[in-house]
Amino acid sequence: MARRAFQAVILGPPGSGKGTISQRIREHFGLHPVSCGDLLRDNMCRSTVIGRQAQVYVVQGRLVPDDIVSGMILSELRALGPTPWLLDGYPRSVVQVNALALHFPLDTVLELQVPTAILQQRLTSRWLHPGSGRIYNTEFNQPLVQGVDDITGEPLTQREDDRPKTVARRLELYAECTKPVIEYYMYV
Ligand code: ADP
């Protein structure tokens, strides 16, 4: 019988470093990172049906409805076939946990824990070069010239959902919605 690919989930609040850690796991263990937030932003950029449906929720820091997100993620995972993967940013609700469990067994679940005050500070000081996705942080990873991308010299922007008011809302939402997800995985 053919062995199936290694399949894993990484959980952690916004700003906990899921993207960075996923990248390291890719380099060391070859797990392909699948980021729900990146997929949503890519769909929004390309103005796909999913992107247009998701936009209103994402800019307000609200969770995108489960059926939209699950449809997008499950088709992405199917397309990966036998490639081992690490899912980031999904599932974020018990409905999403069940949608995933129905189609894909998991080998491991990682959870990153970071104090709220540090998350708040990290997120509101995060700046982005929209063309490349390069991320800077005015606290600990500053660009060479303030407000400008190191490679292209183009201006940096702040993600609309990284502004202070939206950040507070995203952190509250994460705690509220993801707690039952973490509890679920602790006891399975
Ligand atoms: P962060 O982890 O920093 O919140 P993401 O890039 O993971 O950022 O997500 C950005 C936004 O995309 C979220 O604020 C939310 O609106 C939406 N989103 C991402 N993942 C999900 C999900 N699993 N379910 C619903 N909405 C999601």
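Parameters and conventions
- Residues numbered from 1 in each chain as written.
- Predicted model: local features only at pLDDT ≥ 70, side-chain atom pairs only at ≥ 80, totals over all residues.
- Heavy atoms only, no water.
- Axes fitted to C-alpha atoms, helices over the stretch in contact; angles between N-to-C directions.
- Helix = DSSP H or I, 4+ residues; strand = E, 2+ residues; numbered from the N terminus.
- Parallel < 35°, antiparallel > 145°, perpendicular 65-115°, else oblique.
- Contact = heavy atoms within 4.5 Å.
- Nonpolar A, V, L, I, M, F, W, Y, C, P; charged D, E, K, R; others polar.
- Buried < 20%, exposed > 50% of the residue type's maximum accessible area, 1.4 Å probe, protein only.
- Disulfide = S-S within 2.5 Å.
- Pairing = 2+ DSSP bridges.
- Near = heavy atom within 4 Å.
- Polar contact = N/O pair within 3.5 Å; in protein donor to acceptor, adjacent residues only side chain to side chain.
- Core = buried A, V, L, I, M, F, W, Y, C linked by side-chain atoms within 4.5 Å.
- UniProt positions renumbered as here; feature names shortened; annotations may be inferred.
- Salt bridge = Lys/Arg side-chain N within 4 Å of Asp/Glu carboxyl O.

## Regarding the packing of helix H5 (residues 94-103) against helix H7 (residues 164-186)
Okay, step 1: Contact geometry of H5 with H7 gives a least axis separation of 8 Å together with a crossing angle of 45°. Comparing the axis directions of H5 and H7 gives the class oblique. Taken together, the residues of H7 that come into contact with H5 (itself represented by Val 94, Val 97 and Leu 100) are Pro 180, Val 181, Tyr 184 and Tyr 185.
Okay, step 2: Grouping the constituent residues of the contact of H5 with H7 by class yields seven nonpolar, no polar and no charged.

## Looking at unusual backbone geometry
Okay, step 1: With an omega dihedral of 0°, the bond running from Tyr 90 to Pro 91 counts as a cis peptide bond.
Okay, step 2: Phi at Ser 47 is positive, roughly 55°, even though this residue is not glycine.
Okay, step 3: Within the secondary structure layout, Ser 47 lies in the loop between helix H2 (36-45) and helix H3 (49-59).
Okay, step 4: Owing to a relative accessible area of 38%, Ser 47 belongs among the partly exposed residues under this scheme.

## Looking at the state of the cysteines
Okay, step 1: All chains considered together, the criterion is met by zero disulfides.
Okay, step 2: The thiol sulfur of Cys 36 is not disulfide-bonded, and the nearest other cysteine sulfur, from Cys 177, lies at 13 Å.

## Comments concerning the pairing of strand E5 (residues 126-129)
Here is the key point about a regular strand: its side chains alternate between the two faces of the sheet.
Okay, step 1: Across four bridges, E5 lies against strand E6 (residues 134-137) in antiparallel orientation. In the sheet register, His 129 faces E6, and the bridge partner there is Arg 134.
Okay, step 2: What sits between E5 and E6 in their antiparallel hairpin is a turn of four residues, with Gly 133 showing a positive phi close to 85°.

## Brief notes about the site of the ligand
Okay, step 1: Around the ligand there are 19 residues in total, and Arg 41, Arg 62, Gly 89, Arg 92 and Arg 170 lie nearest to it.
Okay, step 2: Within the backbone of Arg 62, an N or O atom sits 2.6 Å from an oxygen atom of the ligand.
Okay, step 3: At 2.5 Å from an oxygen atom of the ligand is found a side-chain nitrogen or oxygen belonging to Arg 170.
Okay, step 4: Among the elements that make up the shell around the ligand, the one with the highest residue count is H2 (four residues).
Okay, step 5: Of the residues in the shell around the ligand, the class split is eight nonpolar, three polar and eight charged.

## Describing the nonpolar core
Okay, step 1: Residues Val 34, Ile 73, Leu 77, Leu 87, Tyr 90 and Leu 100 are the most contacted members of the largest nonpolar core, which totals 28 residues.
Okay, step 2: Elements with a contribution of two residues or more to this core: strand E1 (7-11), H2, H3, helix H4 (66-80), strand E3 (85-88), H5 and H7.
Okay, step 3: The greatest single-element share of this core, amounting to seven residues, is contributed by H4.
Okay, step 4: When sequence neighbours within four positions are dropped, the list of residues in contact with Ile 73 reads Val 34, Cys 36, Leu 39, Leu 87 and Tyr 90.
Okay, step 5: Among the nonpolar cores identified, the runner-up in size contains six residues, and Ala 8, Ile 25, Leu 31 and Leu 86 belong to it.

## A few points about the UniProt feature "domain: Adenylate kinase active site lid" (unreviewed entry) in the protein chain
Okay, step 1: Mapped onto the present numbering, the UniProt feature "domain: Adenylate kinase active site lid" (unreviewed entry) falls at residues 126-161.
Okay, step 2: As annotated, residues 126-161 has a helix share of 0% and a strand share of 22%, and its two end C-alpha atoms lie 11 Å apart.

## Describing the pattern of salt bridges
Okay, step 1: Applying the stated criterion to the full structure yields six salt bridges.
Okay, step 2: Residue Arg 41 is joined to Asp 38 by a salt bridge in which the shortest nitrogen-to-oxygen separation is 2.9 Å. Taken together, the positions of Arg 41 and Asp 38, both in helix H2 and three residues apart, correspond to about one turn of that helix.
Okay, step 3: Given a relative accessible area of 29%, Arg 41 falls into the partly exposed group.
Okay, step 4: Look at Asp 38 and you get partly exposed, because its relative accessible area is 46%.
Okay, step 5: With a shortest N-O distance of 3.1 Å, Arg 46 and Asp 42 are connected by a salt bridge.
Okay, step 6: Among the charged side chains, a salt-bridge network with shared partners connects Arg 126, Asp 162 and Arg 170.

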